Amino acid sequence: MAVIGDVLKWAKHQVSSRVPSADLDQRDADYIREQLPGLWLLASLYFRADVRGLERIPKDGPVLLVGNHSGGNLPPDTFVFTLAFCSYFGVERPFYQLAHNLVVSMPGLGSLRKFGTVAANPDNATLALNSGAALLVYPGGDYEVFRPSWERHNVDFGGRKGYVKLAREAGVPIVPIASVGGQEAALFLDRGQWLAKLLMVDKLARLKSVPILLAPPWGLSVSDMVPRLPLPTKIAIEVQDPIDVDGDDDVVHQKVVENLQAGVDRLAAERRFPVLG
């Protein structure tokens, strides 16, 4: 058992050591400015992006944007909202997004860091907010993003409430960001939490899910690490009114989730068919 423990410790160190440190200066406003027109055209045509209520976000200063999350490791909701935020507020406004360690460390995804993506942990989140930036977080993480597609309109953070403490300590409001459509970019069949434990990636890579899904061009896939083509699902996003963080964590958390679920329900009621919107 001691040998197995040592091997797990070594493997965990190898994974964590490859995660880039959070360098907020890696966000490149000039790069975003160059890429924004083409990427927004892609989002508008492929995902038929519909983003509402951006005027509800405070026009300057730090703010914690809390969203429900969908679409696996290729989440179109993050892609669409990031482009919309930068278009509305301008690329000069500092804006960062938290992502799983494996996402920010995957080869070929260095451009995400130029858009402001940093590894999801409390230190990086605090660093971003203390710098005066807007920060987008998804408390549901891989638990929510890999939920079965028939639960696509359920907001489910898996009981995670740490974002409330983060907002309170930083002295910033929480703005809920509701979205629909992302969980239709593939057919997610199972979170695969049992598989994550079996493969021990829950200990090695802080990965609680190894999902099972159907997606082009591979068909049935286990895990979401192999590049795939997201289906051209319509992405609709609605920004909710800011929420003060005064009060008990459970009360604030419940208010955030209720606001998100109400926004998701409104957007879902407008959809006639999956993917088509």
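Residues numbered from 1 in each chain as written. Predicted model: local features only at pLDDT ≥ 70, side-chain atom pairs only at ≥ 80, totals over all residues. Heavy atoms only, no water.

Under an unreviewed UniProt entry, the name given to the chain is 1-acyl-sn-glycerol-3-phosphate acyltransferase, and the organism recorded is Mycolicibacterium moriokaense.

(A) Representation of helix H2 (residues 29-46). Spanning 18 residues, H2 covers 24 Å between terminal C-alpha atoms, matching the ideal 26 Å at 1.5 Å per step. At leucine 36, H2 shows its maximal bend, which comes to roughly 45°, and the proline proline 37 appears one to four places after that position. Listing the buried residues of H2 in full gives Ala29, Tyr31, Ile32, Leu36 and Ala43. For H2, the capping residue at the N-terminal end is aspartate 28, with a side-chain oxygen 3.1 Å from the backbone nitrogen of aspartate 30. (Helix = DSSP H or I, 4+ residues; strand = E, 2+ residues; numbered from the N terminus. Expected span 1.5 Å × (residues − 1). Bend = angle between axes of the 7 residues up to and from the residue. Buried < 20%, exposed > 50% of the residue type's maximum accessible area, 1.4 Å probe, protein only. Polar contact = N/O pair within 3.5 Å; in protein donor to acceptor, adjacent residues only side chain to side chain.)

(B) Representation of the environment of phenylalanine 89. As for its position among the elements, phenylalanine 89 is in helix H3 (residues 76-89). In the structure, phenylalanine 89 is positioned 34 residues away from glutamate 55 in sequence and 9.4 Å away in space, judged by C-alpha atoms. Residues within four places of phenylalanine 89 in sequence aside, it is in contact with Leu54, Ile57, Pro58 and Lys59. (Contact = heavy atoms within 4.5 Å.)

(C) Structural context of the packing of aromatic side chains. Following the criterion strictly, the structure yields 10 aromatic pairs and no others. With a centroid separation of 6.2 Å and an interplanar angle of 75°, the aromatic rings of phenylalanine 81 and phenylalanine 95 are classed as edge-to-face. Of the two residues, phenylalanine 81 is situated in helix H3 and phenylalanine 95 in strand E3 (residues 95-99); the sequence distance between them amounts to 14 residues. We classify phenylalanine 95 as buried; its relative accessible area is 0%. (Phe/Tyr/Trp six-rings, centres within 6.5 Å; stacked < 30°, edge-to-face > 60°.)

(D) The side chain of arginine 228, seen in detail. Within the secondary structure, arginine 228 is located in the loop between strand E9 (219-222) and strand E10 (236-239). The exposure class assigned to arginine 228 is buried, which follows from its relative accessible area of 9%. Reaching out from arginine 228, the side chain makes a polar contact with the side chain of aspartate 224 at a distance of 2.7 Å. Once you skip the residues sitting within four places of it in the chain, arginine 228 turns out to touch Gly71, Gly72, Asn73, Leu74, Ala185, Ala186, Phe188, Leu213, Ala215, Pro216, Pro217 and Trp218.

(E) Examining the packing of helix H8 (residues 162-170) against helix H11 (residues 249-269) more closely. Running from N to C, H8 and H11 point in directions that differ by 105°, and their axes come no closer than 9 Å. Taken together, H8 and H11 sit at an angle that is classed as roughly perpendicular. In this structure, H8 uses Tyr163, Val164, Lys165 and Arg168 to contact H11, whose residues at the interface are Asp249, Val252, His253 and Val256. Residues of the contact of H8 with H11, tallied by class, amount to 4 nonpolar, 1 polar and 3 charged. (Axes fitted to C-alpha atoms, helices over the stretch in contact; angles between N-to-C directions. Parallel < 35°, antiparallel > 145°, perpendicular 65-115°, else oblique. Nonpolar A, V, L, I, M, F, W, Y, C, P; charged D, E, K, R; others polar.)

(F) How the structure looks around the sheet that holds strand E2 (residues 63-67). Reading across the sheet, the 7 strands line up as E1-E10-E6-E2-E5-E3-E4 and stay open at both edges, with mixed pairing between neighbours. With one partner strand each, in any of the chains shown, strand E1 (50-52) and strand E4 (117-119) form the two edges of the open sheet. Across the sheet, the mean angle separating the axes of adjacent strands is 25° when strand polarity is ignored. Judged from the 3 bridges that link them, E3 and E4 form a sheet pairing that is parallel. Bridge pairing in E4 places leucine 98 opposite valine 118. (Pairing = 2+ DSSP bridges.)

(G) Focus on unusual backbone geometry. In this structure, the amide linkage connecting proline 216 to the following residue, proline 217, adopts the cis form with an omega of 0°. Tracing the sequence through the fold places proline 217 in the loop between strand E8 (212-215) and E9. Even without being a glycine, arginine 48 presents a positive backbone phi close to 45°. Residue position: arginine 48 is located in the loop between H2 and E1. The class for arginine 48 is partly exposed, based on a relative accessible area of 28%.

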